[in-house]
Number of protein chains: 2
Amino acid sequence: MATDRKSIRGGVTAPLGFRASAVGCGIKDASVERLDLALIISDEPVVAAATFTTNKVKAAPVRVSALHLRKSNVKAIIANSGNANACTGPQGIADARTMARVVARQLGILQREVLVCSTGMIGLPMPMARIEPKIPDLVQRLSPRLANGSDVAHAIMTSDTRPKEVAVEIEIDGKPVRIGACAKGAGMIDPNMATMLCFITTDAAIGKAELQRAVTDSVERSFNRITIDGDMSTNDTVTVFANGASGAKRITSGTKEAEKFTKALTHVMVKLAKMIVADGERVTKFVDVRVRGAATYHHARLIAEAVAKSSLCKCSWNGEDANWGRIMDAIGYSGARIREETIDIYFDGVAAARNGMAADTPVSKLRAVVKKHAFTINIDLHLGEANYNVYTSDLSPEYVDFNRSEYSMWKKAQIEGTENDE
Amino acid sequence: MATDRKSIRGGVTAPLGFRASAVGCGIKDASVERLDLALIISDEPVVAAATFTTNKVKAAPVRVSALHLRKSNVKAIIANSGNANACTGPQGIADARTMARVVARQLGILQREVLVCSTGMIGLPMPMARIEPKIPDLVQRLSPRLANGSDVAHAIMTSDTRPKEVAVEIEIDGKPVRIGACAKGAGMIDPNMATMLCFITTDAAIGKAELQRAVTDSVERSFNRITIDGDMSTNDTVTVFANGASGAKRITSGTKEAEKFTKALTHVMVKLAKMIVADGERVTKFVDVRVRGAATYHHARLIAEAVAKSSLCKCSWNGEDANWGRIMDAIGYSGARIREETIDIYFDGVAAARNGMAADTPVSKLRAVVKKHAFTINIDLHLGEANYNVYTSDLSPEYVDFNRSEYSMWKKAQIEGTENDE
């Protein structure tokens with residue numbers, strides 16, 4: 001069945017009936033020209049599903065969007081990078097609403113039919129004076145061209161070094177159905193229900209309950225399995241818009257088509273999730289931590305996450321050092337049930353530890369694996385049947401350097417001339 | 001009452017009736033000369049209490065020592081740095097037992113009266129051929145001199161840049177009573193019941209139950225409140241030996257003397273805990289994260305630990321950047337009950353955020369605090385009466401660099417000439 005899913009070009013405008021655009025407003029810094037405000041709209045009515053951050057500190061746009069999703073059939077998303085509109089109080093809520101209202105007015109739709117997503121610095125007021133005047137231009141540029149979807153992928157980037165777009169095509173009852181997506185990541189990546197920003201469009205016809213089920217499932221197998229720095233963002237949002245424009249028959253629960261659609265959606269999300277880790281801030285390694293043989297799924301997950309988040313494990317991968325003792329240490333403090341004496345650890349299938357002790361593999365063989373850009377760590381507990389995996393990265397001196405100083409600099413860039421502050 | 005506690009010189013040999021010594025065996029690297037094997041003994045019978053790591057992967061000496069403590073009245077400790085004797089299987093247990101047996105035979109005491117503590121690299125076999133022959137010399141050098149206590153503090157260092165010794169004197173019923181201690185830390189520091197190695201001696205007379213209560217209390221207020229890298233070691237041990245050699249009357253539960261003794265013990269542990277954080281691997285900042293106004297003690301703790309462990313908060317402190325948005329983010333994902341709108345954040349009393357939003361303090365004023373070597377972050381939730389604090393450090397590019405490569409190098413140093421491995 002997997003064979004009739006094919007990769008296609010483009011992102012959010014790859015499915016039929018979606019238009020997109022992006023403009024530059026200088027949100028982060030008035031003097032820097034880059035795309036930082038994006039719009040996606042479906043011409044047809046949309047069935048929407050979403051997952052939001054579980055961080056209790058929620059950005060204003062997350063609050064506004066969650067309300068709009070509950071109250072209405074949304075059909076458009078306005079998104080910006082450069083400012084998270086988080087910890088901005090009542091003014092932040094007013095600004096998020098204004099973004100929805102102005103774009104809705106231009107589009108001739110209702111304010112509550114528009115979702116708002118923001119990503120960037122926490123705690124700075126939105127430069128609405130630079131954003132609002134650009135919205136007519138944003139609406140003017142709307143187009144179904146693939147290049148416009150790509151503009152959106154560029155406009156939501158912050159510390160990302162490359163845009164992240166995926167699109168696939170499947171067949172539902174003989175008719176082609178497309179799923180297109182873009183995402184941004186790079187920092188504050190530690191998933192819980194959803195992480196980062198990800199916009200997915202599809203021209204499939206599908207009911208709301210079945211779409212939400214597919215989204216929740218797919219997020220659990222993708223974005224909830226990645227970690228870069230262990231910090232979970234205030235703005236994480238994954239949205240999926242399904243508009244039925246393919247003309248294919250409606251996907252209903254429990255059918256072969258529902259399964260095929262969910263698999264394709266999971267495939268799209270896993271691809272984006274891996275792209276996010278691979279483009280993590282100053283990352284040099286992509287590491288798949290796979291735990292098997294755990295007593296329960298929960299225990300397998302505890303171990304995979306402890307290893308994937310351990311500063312010392314991540315430092316050793318950066319140093320291309322097969323330091324399996326640090327992996328054992330993290331397994332030990334993960335909280336999972338283990339028996340030290342039955343634990344095996346492999347790097348790409350090469351044994352580093354057997355029965356909780358050093359295997360007799362020469363260090364040079366292990367080092368050859370850790371020198372690769374991407375490798376897998378297999379941890380076998382020999383206690384049961386449960387498995388779990390997490391995609392993660394190394395921790396580099398450059399990551400720390402990159403994240404040393406931000407607030408003072410950004411604040412200075414944003415308020416220049418407006419406040420008596422150095 | 002605090003006024004009659006005074007700091008005195010020395011460490012574990014400051015109290016009466018304790019002798020100590022240290023020698024160099026080249027445990028980590030045969031070609032490097034430094035003290036790495038230490039011995040502490042009480043001439044009088046000892047009442048002992050201890051806390052051990054809660055990591056489920058436990059080093060061989062932790063297993064052996066816990067057994068000896070349960071079965072016997074211990075009176076001596078042999079400790080080494082350079083090799084953790086962890087993940088070393090049955091041979092590791094045999095080696096730890098051999099260390100206890102050989103030292104006991106030399107001292108004319110029972111094997112089970114000796115505790116064994118090791119710290120260093122995980123997963124390498126103990127170089128017993130270099131350790132055993134040095135034990136007679138170690139016993140020969142035993143002396144109650146303050147310098148010998150100091151030798152022990154040096155001998156247990158790994159990545160520590162300076163030894164950590166504390167001693168105080170209090171009065172119990174008119175007689176002077178002393179508490180002396182040394183500790184090692186620097187890396188894999190994230191406490192749970194106990195962390196790192198810490199040896200404490202006292203010439204107080206005290207019952208076992210009361211001593212254990214005092215130790216558990218003091219550990220909870222000191223070593224359980226520090227974090228450097230969030231990785232919890234396999235070898236953590238805190239031991240307290242009380243030998244009654246002061247001649248002061250026996251301290252019993254619920255008395256003024258018991259309170260005074262516990263306070264002094266807590267003081268010693270907090271001082272060592274702070275020294276450990278301040279000497280964390282490549283640390284440049286000492287940060288006291290204080291949470292107040294939480295609904296419960298548990299919630300206050302969740303928040304203090306989330307902020308203290310956040311990679312992004314730690315990076316910003318390294319960059320001397322008052323990025324309070326990252327603190328808000330960590331508060332939000334800590335799992336604690338909060339109301340974003342009532343959260344205030346201060347840096348050494350200077351408001352960074354009020355009511356969940358930026359305070360109107362100029363950035364330059366906040367930056368002046370973060371530029372200091374040590375500062376306090378106060379987080380007020382305005383929800384209740386519960387408080388908690390954690391001592392932590394920044395995360396530096398140099399920390400990552402320092403921890404990039406270790407295993408290959410150490411393994412090479414240890415096995416040179418013995419195996420056909422690069």
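Analysis parameters
Residues numbered from 1 in each chain as written. Chains lettered and ligands numbered in written order. Predicted model: local features only at pLDDT ≥ 70, side-chain atom pairs only at ≥ 80, totals over all residues. Heavy atoms only, no water. Helix = DSSP H or I, 4+ residues; strand = E, 2+ residues; numbered from the N terminus. Rg over C-alpha atoms; globule rule 2.2 N^0.38 Å. Buried < 20%, exposed > 50% of the residue type's maximum accessible area, 1.4 Å probe, protein only. Contact = heavy atoms within 4.5 Å. Salt bridge = Lys/Arg side-chain N within 4 Å of Asp/Glu carboxyl O. Least-squares fit on C-alpha atoms with pLDDT ≥ 70 in both. Domains from an automatic or database assignment. Buried area = accessible area lost by both parts, 1.4 Å probe. Polar contact = N/O pair within 3.5 Å; in protein donor to acceptor, adjacent residues only side chain to side chain. Nonpolar A, V, L, I, M, F, W, Y, C, P; charged D, E, K, R; others polar. Pairing = 2+ DSSP bridges. Axes fitted to C-alpha atoms, helices over the stretch in contact; angles between N-to-C directions. pLDDT = per-residue confidence, 0-100. Disulfide = S-S within 2.5 Å. UniProt positions renumbered as here; feature names shortened; annotations may be inferred. Right-handed = clockwise from strand over helix to strand, strands pointing away. Parallel < 35°, antiparallel > 145°, perpendicular 65-115°, else oblique. Left-handed = near helix turned anticlockwise from the far one by under 90°. Expected span 1.5 Å × (residues − 1). Patch = residues over 30% accessible without salt bridge, like charges linked within 9 Å, V, L, I, M, F, W, Y side chains within 5 Å. Areas by Shrake-Rupley, 256 points an atom, 1.4 Å probe, with all protein chains shown as cover. Lys, Arg positive; Asp, Glu negative; His and termini not counted. Charge placed at Lys NZ, Arg CZ, Asp CG, Glu CD.

### Notes on the overall build of chain A
- Secondary structure assignment for chain A yields 13 helices and 17 strands.
- The C-alpha radius of gyration of chain A comes to 22 Å, within 12% of the 22 Å expected for a compact globule of 422 residues.
- C-alpha extents for chain A along the principal axes are approximately 70 × 65 × 35 Å.
- Counting across all 422 residues of chain A, residues that qualify as buried make up 64%.
- When contacts within chain A are restricted to residue pairs at least 6 apart in sequence, long-range pairs at least 24 apart make up 81% of them.

### A closer look at the pattern of salt bridges
- In total, this model carries 42 salt bridges over all chains according to the counting rule given.
- Taking the shortest distance from any N to any O, the salt bridge between Arg 19 of chain A and Asp 43 of chain A comes out at 3.1 Å. Of this pair, Arg 19 of chain A sits in strand E2 (residues 18–23) while Asp 43 of chain A sits in the loop between strand E3 (37–42) and strand E4 (47–52), and the two are 24 residues apart along the sequence.
- Using a relative accessible area of 26% as the deciding quantity, one classes Arg 19 of chain A as partly exposed.
- Relative accessible area serves as the criterion here: at 41%, Asp 43 of chain A is assigned to the partly exposed category.
- Taking the shortest distance from any N to any O, the salt bridge between Arg 63 of chain A and Glu 340 of chain B comes out at 2.5 Å. Remark: Glu 340 of chain B occurs in the loop between helix H10 (324–333) and strand E13 (344–347) and Arg 63 of chain A occurs in helix H1 (residues 60–71); the pair is interchain, linking two chains.
- Classification of Glu 340 of chain B as buried rests on a relative accessible area of 9%.
- Look at the salt bridges and you will find they share partners, linking Lys 6, Glu 169, Arg 178 and Asp 203 of chain A into a network.

### Digging into the relation of the copies chain A and chain B
- Expressed as a screw transformation, the operator carrying chain A onto chain B has a rotation angle of 180 degrees and an axial translation of 0.0 Å, and the superposed copies differ by an RMSD of 0.0 Å. As the rotation angle and translation indicate, the two copies are arranged about a two-fold axis. Of the C-alpha atoms belonging to chain A, the one lying closest to the rotation axis is found on Pro 397 of chain A, 2.0 Å away.
- Here 100% of the interface residues in chain A have copies in chain B that are interface residues too; the copies meet face to matching face.

### Examining the domain arrangement of chain A
Residue and element names in this part refer to chain A.
- On domain assignment, one finds that chain A holds domain 1 (2–278) and domain 2 (286–395).
- Relative placement of domain 1 and domain 2: their C-alpha centres are 34 Å apart.
- Across the contact, eleven residues belong to domain 1 and 13 residues belong to domain 2.
- When the two sides are added together, the surface that domain 1 and domain 2 hide from each other amounts to roughly 1,100 Å², 52% of it contributed by carbon and sulfur.
- At the junction of domain 1 with domain 2, the criterion picks out one salt bridge.
- The tally of links between domain 1 and domain 2 comes to four residue pairs in polar contact (both at pLDDT 80 or more).
- Here the side of domain 1 that touches domain 2 takes four residues from helix H7 (residues 256–278), the largest share from any one element.
- Taken together, the residues of the side of domain 1 that touches domain 2 sort by class into five nonpolar, two polar and four charged.

### Some thoughts on the sheet that holds strand E12 (residues 286–294) of chain B
Residue and element names in this part refer to chain B.
- Read across the sheet, seven strands follow the order E10-E17-E12-E16-E13-E14-E15 without closing on themselves; strand pairing throughout is mixed. Every other strand in the sheet has two partners, leaving strand E10 (226–227) and strand E15 (357–358) as the edge strands with one partner each.
- By the bridge criterion, three bridges tie E13 to strand E14 (residues 350–354) in an arrangement that is antiparallel. Within E14, the residue paired with Tyr 346 across the bridge is Ala 351.
- Along the sheet face, helix H7 (residues 256–278) touches E10, E12 and strand E17 (386–393) and points at about 45 degrees away from the line of E17.
- Across the sheet, H10 touches E13, E14, E15 and strand E16 (374–380), and the angle it forms with E13 is around 135 degrees.

### Things to note about the confidence of the model for chain A
- Considering every residue of chain A, the mean pLDDT works out to 88; 92% of them sit at 70 or more.
- Low pLDDT, under 50, characterises residues 417–422 of chain A; the predicted model gives this stretch seven contacts beyond four residues in sequence or across chains.

### Here's the deal with the state of the cysteines
Residue and element names in this part refer to chain B.
- Throughout the structure, instances matching the rule amount to zero disulfides over all chains.
- Of all cysteine sulfurs in the structure, the one in Cys 117 sits closest to Cys 25, which takes part in no disulfide; the separation is 15 Å.
- Residue Cys 25 is classed as buried on the basis of its relative accessible area of 8%.
- Considering cysteine sulfurs only, Cys 182 is the nearest to Cys 198, which forms no disulfide, with 7.0 Å between them.
- Residue Cys 198 is classed as buried on the basis of its relative accessible area of 0%.

### Looking at the UniProt feature "binding site: substrate" (unreviewed entry) in chain A
Residue and element names in this part refer to chain A.
- UniProt tags Thr 158, Lys 184, Thr 195, Glu 281 and Asn 403 as "binding site: substrate" (unreviewed entry).
- Along the polypeptide, Lys 184 turns up in strand E8 (residues 175–184).
- In this structure Lys 184 touches Thr 119, Ile 156, Met 157, Thr 158, Asp 160, Met 196, Leu 197 and Ile 276, once residues within four positions along its chain are discounted.
- Only 2.8 Å separates the side chain of Lys 184 from the side chain of Thr 158, close enough to count as a polar contact.

### What about the pairing of strand E6 (residues 114–119) of chain A?
Residues and elements named next belong to chain A.
- Burial within E6 is extensive, with six of its six residues counted as buried.
- The side-chain alternation of E6 yields two buried faces, one formed by Val 114, Val 116 and Ser 118 and the other by Leu 115, Cys 117 and Thr 119.
- Considered for its hand, the β-α-β crossover made up of strand E5 (residues 76–81), helix H2 (residues 89–107) and E6 is right-handed.

### With respect to the interface of chain A and chain B
- If you look at the interface, chain A gives 64 residues, while chain B gives 64 residues.
- Seen at the junction of chain A and chain B, the total is four salt bridges.
- Its salt-bridge partner being Glu 341 of chain B, residue Arg 63 of chain A comes within 3.7 Å of it at the nearest N-O pair.
- The interface formed by chain A and chain B includes eight residue pairs in polar contact (both at pLDDT 80 or more).
- At the level of secondary structure, the elements contributing two or more residues to the side of chain A that touches chain B comprise H2, helix H9 (311–318), helix H10 (324–333), strand E15 (357–358), helix H11 (363–370), helix H12 (397–402) and helix H13 (407–415) of chain A.

### A closer look at the packing of helix H6 (residues 208–221) of chain B against H7 of chain B
All names here are of chain B.
- One can describe the packing of H6 onto H7 by two numbers: an axis separation of 9 Å at closest approach and a directional angle of 40 degrees. The angle between H6 and H7 places the two elements in the oblique class. Where H6 crosses over H7, the handedness of that crossing is right-handed. Contact residues: H6 offers Glu 210, Leu 211, Arg 213, Ala 214, Val 215, Asp 217, Ser 218, Val 219 and Arg 221, while H7 offers Ala 258, Phe 261, Thr 262, Leu 265, Thr 266, Met 269 and Val 270.
- Grouping the amino acids of the contact of H6 with H7 by side-chain chemistry returns nine nonpolar, three polar and four charged.

### Focus on helix H1 (residues 60–71) of chain B
- Here H1 of chain B spans 17 Å end to end across twelve residues, near enough to the 16 Å set by a 1.5 Å rise per residue.
- In this structure, the buried side of H1 of chain B is in contact with strand E4 (47–52), helix H2 (89–107), strand E6 (114–119), H6 and strand E11 (237–242) of chain B.

### Considering the side chain of Thr 361 of chain A
Residue and element names in this part refer to chain A.
- Topologically, Thr 361 is positioned in the loop between E15 and H11.
- Looking at Thr 361, its side chain comes within polar contact range of the main-chain oxygen of Ala 351, at 2.6 Å.
- Non-local contacts of Thr 361, meaning those with residues more than four positions away in its chain, are made with Val 350, Ala 351 and Leu 366.

### Here we look at the side chain of His 299 of chain A
Residues and elements named next belong to chain A.
- Relative to the helices and strands, His 299 is located in helix H8 (residues 297–309).
- For His 299, a relative accessible area of 17% gives the class buried.
- Not counting residues within four places of it along the chain, the set of residues in contact with His 299 comprises Ala 294, Ala 336 and Arg 337.

### Brief notes about a negative patch on the surface
- A contiguous patch of negative charge on the surface is contributed by Glu 398 and Asp 401 of chain A together with Glu 398 and Asp 401 of chain B.
- Position of Asp 401 of chain B among the secondary structure elements: in helix H12 (residues 397–402).
- Residue Asp 401 of chain B is classed as partly exposed on the basis of its relative accessible area, which comes to 46%.

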